[in-house]
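Inside the fold
As a plain string of letters, each chain reads:
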Amino acid sequence: MALWKCQICNFIFEGPAPPDNCPKCGAPKEKFSQLSEQEALSVQKSRRTNYLHMKALTLLHELLAISEEIIKEDLDPPCIKLANSEKEFAQITIQKIKAELESHMKKGKWG
Ligand SMILES: [Zn+2]
């Protein structure tokens, strides 16, 4: 399946031909150009990577909730210390992933 890129808003359309109008910005189909095989491959890679980062985000949010639950149980200091480091890891990594995904979107890699 060919990939078509809107030259106005960078929307990427997948299909045998470009759409009559861009679903995102409404530009006519003349504004679409077909991506080369190389470009199409990098869009697919980028989509896959974004999808995997989103999956990691889901897991980290789960870890965050679990660590907070452990802290609430208040068993003993080593347990709380460990839970705090789990919580900190989750929070920092969530921020890093969000920043990375935002930079993908700014580069027009978000497809
Ligand atoms: Zn567009």
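Here the structure is a predicted model, which means the values were calculated and not measured.

Some thoughts on the coordination of the zinc ion
Tetrahedral coordination by four donors places them ideally at 109.5 degrees to one another around the metal; octahedral coordination by six donors ideally gives 90 or 180 degrees. The protein atoms that coordinate the zinc ion are Cys6 (SG), Cys9 (SG), Cys22 (SG) and Cys25 (SG), at distances of 2.3 Å. Given four donor atoms and angles of 104 to 114° at the metal, the environment of the zinc ion is assigned as tetrahedral. Taken in sequence order, the residues that donate to the zinc ion follow the motif C-x2-C-x12-C-x2-C. Of this pair, Cys9 sits in the loop between strand E1 (3-6) and strand E2 (12-14) while Cys22 is found in the loop between E2 and strand E3 (32-34), placing the two residues 13 residues apart along the sequence. For the pair Cys9 and Cys22, one class covers both residues: buried.

Focus: the packing of helix H1 (residues 37-73) against helix H2 (residues 77-106)
At a closest axis distance of 8 Å, the pairing of H1 and H2 adopts a crossing angle of 155°. Taken together, the axis directions place H1 and H2 in an arrangement best described as roughly antiparallel. For the element pair H1 and H2, the recorded crossing hand is left-handed. Residue composition of the contact of H1 with H2, by class: 15 nonpolar, eight polar and four charged.

Some thoughts on the pattern of salt bridges
Within this structure, the stated rule accounts for three salt bridges. Between Glu14 and Arg47 there is a salt bridge, and its shortest N-O distance comes to 3.6 Å. Of this pair, Glu14 sits in strand E2 while Arg47 sits in helix H1, and the two are 33 residues apart along the sequence. Accessibility expressed as a relative area gives 26% for Arg47, which makes it partly exposed. Across the pair Lys29 and Asp20 runs a salt bridge whose closest N-O atoms are separated by 3.3 Å. Residue classification places Lys29 among the partly exposed residues on the basis of a relative accessible area of 37%. On the accessibility criterion, Asp20 (55% relative accessible area) is exposed.

Focus: the domain arrangement of the protein chain
Along its sequence, the protein chain is organised into domain 1 (1-35) and domain 2 (43-111). Of note, the centres of domain 1 and domain 2, computed from C-alpha atoms alone, are 33 Å apart.

Quick word on H2
An ideal rise of 1.5 Å per residue puts 44 Å on 30 residues; H2 measures up with 43 Å between its terminal C-alpha atoms. Among the residues of H2, Ile80, Ala83, Ala90, Thr93, Ile94, Ile97, Leu101 and His104 are the ones counted as buried. Residues of H2 that are buried sit in contact with H1. For H2, the capping residue at the N-terminal end is Asp76, with a side-chain oxygen 3.1 Å from the backbone nitrogen of Cys79.

Details of the side chain of Asn50
For Asn50, the location among the structural elements is in helix H1. Within the local environment of Asn50, its side chain forms a polar contact with the side chain of His104, the two groups lying 2.6 Å apart.

Procedures and definitions
Residue positions are given per chain, counted from 1 along the sequence in the order it is written. A pLDDT threshold of at least 70 governs which residues receive local features in this predicted model, and a stricter bar of 80 or more applies before side-chain atom pairs are shown or counted, although totals over entire chains, interfaces and linings include all residues. Only hydrogens and water are set aside when side-chain values are computed; all heavy atoms of the structure are taken into account. In this analysis a donor is any N, O or S atom within 2.8 Å of a metal ion (3.2 Å for sodium, potassium and calcium), and since water is not included, sites may seem incomplete. Geometry is assigned from the angles between donors: four donors with all angles from 85 to 135 degrees make a tetrahedral site, four or six donors whose opposite pairs exceed 155 degrees while the rest stay between 65 and 115 make square planar or octahedral sites respectively, and everything else is labelled irregular. Comment: elements are numbered from the N terminus, with helices defined as DSSP H or I runs of at least four residues and strands as E runs of at least two. Three labels apply to residues, based on accessible area from a 1.4 Å probe with only protein chains included: buried if under 20% of the type maximum, exposed if over 50%, partly exposed otherwise in between. For helices, the axis comes from a line fit to the C-alpha atoms of the stretch in contact; other axes are also lines fit to C-alpha atoms, and the angle between any two N-to-C directions lies between 0 and 180 degrees. What sets the label is the angle itself: under 35 degrees gives roughly parallel, over 145 gives roughly antiparallel, 65 to 115 gives roughly perpendicular, and the rest give oblique. Crossing handedness is defined as follows: a turn of the near helix away from the far one that is anticlockwise and smaller than a right angle gives a left-handed crossing, while the clockwise case is right-handed. Three residue categories are used. Nonpolar comprises Ala, Val, Leu, Ile, Met, Phe, Trp, Tyr, Cys and Pro, charged comprises Asp, Glu, Lys and Arg, and polar comprises the others, including Gly. Salt bridge, as applied in this entry: a Lys or Arg side-chain nitrogen positioned within 4 Å of an Asp or Glu carboxyl oxygen. The domain boundaries here were taken from an automatic or database domain assignment. A helix's residues, less one, multiplied by 1.5 Å, set its expected span. The contact rule is simple, with two residues in contact once any of their heavy atoms fall within 4.5 Å. Distance and chemistry together define a polar contact, namely a pair of N or O atoms within 3.5 Å, with one atom able to donate a hydrogen and the other to accept it when in protein, and with adjacent residues in sequence counting only for side-chain atoms on both sides.

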